[in-house]
Amino acid sequence: MEKYDTVNPDEADLENALGALVPRAPRFTSQQLAFRAGLIVGQRQANRWRGIAAAAVIIGTCAFFGRFQSSVLTIDRANIHSQAQSPDEGSAGTSPIIAASYLQLRDAVLRDGWIALPPASGGGNVEPGVGVMSTQ
Amino acid sequence: MIPAESDHSLAVLLQELGPALVLYARTWAARDEAEDVVQRVFVRLLASKRSPLEPRSWLFRCVRNEAISWRRSLRRRLLRERKRARATESLFDFHPGEAIDLHDAQEALELLPAHQREIVVLRIWSGLTLAEIAAITSIPLSTAHDRYRSALAAMRARLEPSWKNTIR
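Here the structure is a predicted model, which is why all the values come from computation and not from measurement.

**Student:** What am I meant to see in the overall build of chain B here?
**Tutor:** In terms of regular secondary structure, chain B is built from 8 helices and 1 strand. Secondary structure elements in chain B, listed N-terminal to C-terminal, are α-α-α-α-β-α-α-α-α. Considering chain B as a whole, with its 168 residues, one finds that 50% of them fall into the buried category. The contacts in chain B between residues at least 6 apart in sequence include a share of 65% that link residues at least 24 apart. Within the structure as shown, chain B displays about 8,600 Å² of accessible surface, and the carbon and sulfur contribution to it stands at 50%.

**Student:** Help me understand the packing of helix α7 (residues 130-137) of chain B against helix α8 (residues 141-163) of chain B, please; the structure alone is not making it clear to me.
**Tutor:** Pairs of packed helices are described in terms of their axes, by the angle between the two and the distance that separates them. Residues and elements named next belong to chain B. Where α7 contacts α8, the axes come no closer than 8 Å and their chain directions differ by 105 degrees. As judged from the angle between their axes, α7 and α8 are roughly perpendicular. The segment α7 lies against α8, with L130, A131 and A134 engaging L141, A144, H145 and Y148. A class-by-class count of the residues in the contact of α7 with α8 yields 6 nonpolar, 1 polar and no charged.

**Student:** What is the right way to look at the confidence of the model for chain A in this model?
**Tutor:** In low-pLDDT regions, the fine details of the predicted coordinates are not to be read closely. Here chain A shows a mean pLDDT of 77. Residues at 70 or above account for 70%. The element-level mean pLDDT for chain A is lowest in helix α1 (residues 2-5) of chain A, coming to 68, with strand β1 (residues 22-23) of chain A highest at 88.

Calculation notes
Residues numbered from 1 in each chain as written. Chains lettered and ligands numbered in written order. Predicted model: local features only at pLDDT ≥ 70, side-chain atom pairs only at ≥ 80, totals over all residues. Heavy atoms only, no water. Helix = DSSP H or I, 4+ residues; strand = E, 2+ residues; numbered from the N terminus. Buried < 20%, exposed > 50% of the residue type's maximum accessible area, 1.4 Å probe, protein only. Contact = heavy atoms within 4.5 Å. Areas by Shrake-Rupley, 256 points an atom, 1.4 Å probe, with all protein chains shown as cover. Axes fitted to C-alpha atoms, helices over the stretch in contact; angles between N-to-C directions. Parallel < 35°, antiparallel > 145°, perpendicular 65-115°, else oblique. Nonpolar A, V, L, I, M, F, W, Y, C, P; charged D, E, K, R; others polar. pLDDT = per-residue confidence, 0-100.

Here's what the structure looks like:
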């Protein structure tokens, strides 16, 4: 490495002669540099605060609208899905069609009373009423 | 952030390296632009949060990059104007009793190709070793050495007529 930094005497003379020349000093001062640097640092800090303020505004806006969204009343609704009966299930369980007709009948009885019941298929003359159940 | 104690070190750094940095930047730019380049680099150093490990090498490297990118961004017409203006501006301060004629030295330096001139400036007026110069200019050490010697030979050939009294 050092061998590269050595020059012959003639080159050394030229080096010394050239080295005696003094390059012109810059026309700005260290105070001017410090001022410009301070300006840049100040701008950088201002930009950082602007960024923080913008983020706060965005977060605040989201929170504001989010509050209204959460106050919306939600009503749960029961959906009755009619499912096709798979052959595996066989006769076990109640057919969805039957279940649906039962619910309709129940609603009709609740609304209109006994009159909503269909006529008995047995042909008997038994009136619906309150009976005494046997304990046996 | 700018630490308060950096004011003094900045002044010292500017006093020690400012002229050499401006001279180095003038390899690619006219005086005003060269000073702008050096100023921008110093400001960047001051405004940076972490100071470089080797401020001297860092400054020269940054000045080089900044000056080259400045030169690239200029339009050709503007570049010609700057070149004309640069020819009339002195690179060095006049001091009586110098062994070498100031104008001849400036002319010899300006006639060197940029890749040789920057090595001469870094070696003679910035006091860097060829290893440091090789690192700054991103070339092998042997190439830096060859370029330096070629540049000295070229300058010597140009300066010899006016300098022959002092040459052995």
